[in-house]
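Overview (structure and organization)
Spelled out from the first residue to the last, the chains are:
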Amino acid sequence: MELKEFQRPPNDTGIGIHLSANMFLPEAVENRRKWVIREMLAMNMSWAKILCDPGWAWNKPKQDVRSSMERPLVLTRELLENGIMPVIRFYQQQPWTIKDAGKMAIDYFVQLYALFGYKPYIEFMNEPNLTCEWNDEWHKSHDWKTWPEEAAHLTVANAHICLSLGALPGFPAVAPGNDQSPGAWTMMQYMKDWGETALFQRGMWVAIHNYHLGYPLNHPNDDIEQKGTPLKPEEYNAWEWDGTPIQTINDWRAKDKNPGKTIWELDLGFRGYEKTHMVLEKIFGKEIAENVPIITTEGGSVVGWRPDRRYPKVTPRIQMERTVEAFRFMMEQAPNYYFCEVPWLFGNRWLGHMNTVWEPHSWFSNWHKTDFPDCVVMEGGAPHLIVVDAVKAMPKTVRKWKETQMPLQELPDGQIHALDVSAYSGPIGVTKWQDAYDAGFRMVIAQAWGGGPNGLGKNPYCYQQLLAARTAGLDTAIYLVVPSDTTTLTHSLIQAGKDAAGEEYQYIKFFALDIEGDKLLHPTDPVARLLN
């Protein structure tokens, strides 16, 4: 696959968010689903990371898989209908090869995404470089040093399964850290050595967790890393430094500076996507690297984090400033291969997850109100950090990553360019419709009943074509061919056309009759055939 063949959402801004640490919105807060989507749209977000648990590691019966998938499928559909591209992580307590339950779950998503002309982005493994991601049974029978090889075997096996089912598998993200990332590169090298390079040519993408980690976005090119620039007294805030004296901080900065170091040596922080792309190119070559999407499935600035003693703890204001800077970069400057930045975390308790570990990380929370009363907004439907309102205030910029389109002919006022599609066109994805919209088209007129590869009949792709076109922002209409016949009873044709459009019938602008050929519509009274 070429990079442009990987789908992106319509009006893609390249920004999104990880919704919850929970599998999906529990029944108790199900009514907040539409509110979550409204908030995302207000922040001009085009991407979302969601979790689900199909029970694939435990091989649940088919009926149990379907039951456990109902709410995540509803959430996924509503995200897609609103022009937001979900990335699905299948949660599991231990990396496994996908079993029957997982295959069924993936197939449900494949069918749903196909309505929009998409294939689902699937994550089947999370941060395999952490010991906690492998259960006790695995640790008893394996040397921990072998995790890259073991994870590579599972990645290859699961990627083949995903591709065979029509899904796009993600190369697993590792937890960030200069002592951790080499494990991911070792996994890639194993895949090349085993002759599995083709996975990256058939639809595999790379997930990364490039958390900012308290660093400025240009790290490691910032003055603290390169020069050890000392902290000034007027810059000091005791909370940000856990009470550490200024002189101690400046001693650390002088001692730990790394003049001349580049992103190749120090890949911590936002620019980790650059290092990932460089490694792909080094191992697999430039042509492959240029056509592999990199997607941040966790990242951003998290309030309270301070992994490097030379840098201050992340405050809500630092989080706000760096998030706005990162989002502006994604909309205006990000390279084509870097698809999106998805910070951690939209909500925790507000979305029904009671584990307090994640509450301090949440954008929608009042957790930090005591320490930062001016940085937590209590109005607007739910308490939230100031980053939310700052992102909402950003001007929306749709990413310009496609080739320049040739302009269509200018039309007089009141006229628009429209496209006619039929059963011969087959299913058409949102991305293609977005291309059409960008080129200047404003409507699609889809055949509902007429000629197709199998003769006269309903267009089996009509509903999908209308749904995907409407999702991309085009107006929709339908038409049916009125063939010559001896009857004047055309009401059955009209009903067949409505059935072909399905739920999308309520959105169409008009329903047209198409008269083709040189035969009379009716041997004695063609007008009556049209009037009925």
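Summary of the structure given here. Here the structure is a predicted model, which means the values were calculated and not measured.

1. Focus on the packing of aromatic side chains
As enumerated under the stated definition, the model contains 27 aromatic pairs in all. Judged by centre distance (6.4 Å) and plane angle (45 degrees), the rings of tyrosine 273 and tyrosine 337 are tilted. Of this pair, tyrosine 273 sits in helix H10 (residues 272-284) while tyrosine 337 sits in the loop between helix H12 (316-332) and strand E8 (338-340), placing them 64 residues apart in sequence. Classification of tyrosine 273 as buried rests on a relative accessible area of 5%. Seen in terms of ring centroids, tyrosine 273 and tyrosine 338 are 4.3 Å apart; in terms of plane orientation they differ by 10 degrees. Their pairing is stacked. Residue tyrosine 273 is found in helix H10, and its partner tyrosine 338 is found in strand E8; the two are separated by 65 residues along the sequence.

2. Some words on the state of the cysteines
Tallied over the full model, the rule gives 0 disulfides. Its sulfur unpaired, cysteine 52 is 11 Å from the next cysteine sulfur, which belongs to cysteine 162. Here cysteine 340 is not disulfide-linked; the sulfur of cysteine 162 is the nearest cysteine sulfur, at 18 Å. For cysteine 340, a relative accessible area of 0% translates into the label buried.

3. Overview of unusual backbone geometry
Cis geometry marks the peptide bond from histidine 219 to proline 220, where omega comes out at 15 degrees. Inspection of the secondary structure assignment puts proline 220 in the loop between strand E6 (205-208) and helix H8 (223-227). Unlike most non-glycine residues, asparagine 44 shows phi in positive territory, near 60 degrees. Mapping asparagine 44 onto the fold places it in the loop between helix H1 (33-42) and strand E2 (47-52).

4. Structural notes on the sheet that holds strand E4 (residues 121-123)
If you walk across this open sheet you meet the 8 strands as E1-E2-E3-E4-E5-E6-E7-E8, and the pairing is parallel. For this open sheet the edge positions go to strand E1 (16-18) and E8, each flanked by a neighbour on one side alone. The mean inter-strand angle of the sheet, taken between neighbouring strand axes irrespective of direction, is 30 degrees. Note that E4 and strand E5 (residues 168-171) share 2 bridges and pair parallel. Within E5, the position partnered with tyrosine 121 by the bridge is leucine 168.

5. Section: the environment of proline 395
Along the chain, proline 395 turns up in the loop between helix H13 (386-392) and strand E11 (417-421). A sequence separation of 282 residues divides proline 395 from tyrosine 113, and the C-alpha atoms of the two residues are 29 Å apart.

6. Description of H12
Between its terminal C-alpha atoms H12 stretches 24 Å, which fits the 24 Å expected from 17 residues at 1.5 Å a residue. The element H12 is extensively covered by neighbouring structure, given that 12 of its 17 residues are classed as buried. Among all positions in H12, only Pro316, Ile318, Gln319, Met320, Arg322, Thr323, Val324, Ala326, Phe327, Phe329, Met330 and Met331 are buried. Close packing links the buried residues of H12 with E1, H10, E8, strand E10 (384-385) and H13.

7. Digging into the pattern of salt bridges
Enumeration over the complete set of coordinates arrives at 19 salt bridges. Across the salt bridge formed by arginine 310 and glutamate 225, the nearest N and O atoms sit 2.9 Å from each other. Placement of the pair is arginine 310 in the loop between strand E7 (294-296) and H12 and glutamate 225 in helix H8, with a sequence separation of 85 residues. Between aspartate 308 and arginine 310 there is a salt bridge, and its shortest N-O distance comes to 2.8 Å. Per residue, the accessibility class of aspartate 308 equals that of arginine 310, and both read buried. Through salt bridges that share partners, Arg33, Lys34 and Glu78 make up one connected network.

8. Some points on a nonpolar patch on the surface
Residues Leu513, Ile515 and Leu530 make up a contiguous nonpolar surface patch of roughly 250 Å² in combined accessible area. The residue leucine 530 is located in helix H17 (residues 526-531) in this model. Judged by relative accessible area, leucine 530 falls into the partly exposed class, the value being 35%.

9. Quick word on the pairing of strand E13 (residues 455-458)
When strand E12 (residues 441-452) meets E13, the two strands line up antiparallel, connected through 4 bridges. Looking at E13, one finds that tryptophan 449 is bridged to lysine 458. Remark: 2 residues form the turn of the hairpin made by E12 and E13, two consecutive strands paired antiparallel.

Criteria and cut-off values
- Residues numbered from 1 in each chain as written.
- Predicted model: local features only at pLDDT ≥ 70, side-chain atom pairs only at ≥ 80, totals over all residues.
- Heavy atoms only, no water.
- Phe/Tyr/Trp six-rings, centres within 6.5 Å; stacked < 30°, edge-to-face > 60°.
- Helix = DSSP H or I, 4+ residues; strand = E, 2+ residues; numbered from the N terminus.
- Buried < 20%, exposed > 50% of the residue type's maximum accessible area, 1.4 Å probe, protein only.
- Disulfide = S-S within 2.5 Å.
- Pairing = 2+ DSSP bridges.
- Axes fitted to C-alpha atoms, helices over the stretch in contact; angles between N-to-C directions.
- Expected span 1.5 Å × (residues − 1).
- Contact = heavy atoms within 4.5 Å.
- Salt bridge = Lys/Arg side-chain N within 4 Å of Asp/Glu carboxyl O.
- Patch = residues over 30% accessible without salt bridge, like charges linked within 9 Å, V, L, I, M, F, W, Y side chains within 5 Å.
- Areas by Shrake-Rupley, 256 points an atom, 1.4 Å probe, with all protein chains shown as cover.

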